[in-house]
Amino acid sequence: MYHQNNKKKNINFHARHSAKERIYLYIINNRFSPSIVNKDREWHVRKKLNISLIKKGAKKLVGTHDFSTMRAKNCYAKSPIKKINRITIKNTNKKIEIQFRSKSFLRNQVRSMVGCLKYLAENKWYIKKFENVLKSKKRKNCEPPAPACGLYLEKIIY
């Protein structure tokens, strides 16, 4: 049976360009032994991470910034300036979930932010160093991006 939808279609709709907000989730398994079930579905980090430092670093990333430091060399975005609307951090049973919300992201931006947050959470950087790295606008100052296995596009809001 044919059912006609009475909703008007927007002929200018574009799956990528019409998005109002994208929500990415990054999962870190922060315990001694890796998960057998979630192998290759999360980033396994043995060293205990300081959650309060991750939260402090995340606060510095929220808002409008030039994210050149956290931009892949092969990124084709017109501008490195992006606005992060919100970052939420959950820590349950040594599983750290970091959720990023923005209209758009640069290539490798989320993984680069997670890589830098991890460096901060391992006490390898002070919060001031973290801020200076972000402000430097130099990719060479960024820590290696987190592996792709922990990154998920959770939702797109149109």
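Reading the values: rules and limits
Residues numbered from 1 in each chain as written. Predicted model: local features only at pLDDT ≥ 70, side-chain atom pairs only at ≥ 80, totals over all residues. Heavy atoms only, no water. Buried < 20%, exposed > 50% of the residue type's maximum accessible area, 1.4 Å probe, protein only. Helix = DSSP H or I, 4+ residues; strand = E, 2+ residues; numbered from the N terminus. Core = buried A, V, L, I, M, F, W, Y, C linked by side-chain atoms within 4.5 Å. Contact = heavy atoms within 4.5 Å. Axes fitted to C-alpha atoms, helices over the stretch in contact; angles between N-to-C directions. Parallel < 35°, antiparallel > 145°, perpendicular 65-115°, else oblique. Left-handed = near helix turned anticlockwise from the far one by under 90°. Nonpolar A, V, L, I, M, F, W, Y, C, P; charged D, E, K, R; others polar.

Focus: unusual backbone geometry
Part 1 of the reasoning: Its identity is not glycine, yet aspartate 40 carries a phi of approximately 65°, on the positive side.
Part 2 of the reasoning: For aspartate 40, a relative accessible area of 57% corresponds to the exposed category.
Part 3 of the reasoning: Positive phi outside glycine occurs at lysine 137, with the angle close to 60°.
Part 4 of the reasoning: Here lysine 137 shows up in the loop between helix H3 (127-136) and strand E6 (151-157).

A closer look at the nonpolar core
Part 1 of the reasoning: Formed by 34 residues in total, the largest nonpolar core has its most connected members in Ile28, Ile54, Leu61, Phe100 and Met113.
Part 2 of the reasoning: Those elements that place two or more of their residues in this core are strand E1 (21-29), helix H1 (51-61), strand E4 (81-92), strand E5 (95-102), helix H2 (109-121) and H3.
Part 3 of the reasoning: Broken down by element, this core gets its largest block of residues, seven residues, from H2.
Part 4 of the reasoning: When near neighbours in sequence (up to four residues on either side) are disregarded, methionine 113 contacts Leu61, Phe67, Met70, Ile84, Phe100 and Phe105.

Focus on the packing of H1 against H2
Part 1 of the reasoning: Put simply, H1 and H2 touch, their axes get as near as 8 Å, and they point 140° apart. Taken as axis vectors, H1 and H2 run oblique relative to one another. Between H1 and H2 the crossing geometry is right-handed. Counted together, Leu53, Ile54, Gly57, Ala58 and Leu61 of H1 and Met113, Leu117, Leu120 and Ala121 of H2 form the full contact between these two elements.
Part 2 of the reasoning: Here the residues of the contact of H1 with H2 sort into eight nonpolar, one polar and no charged.

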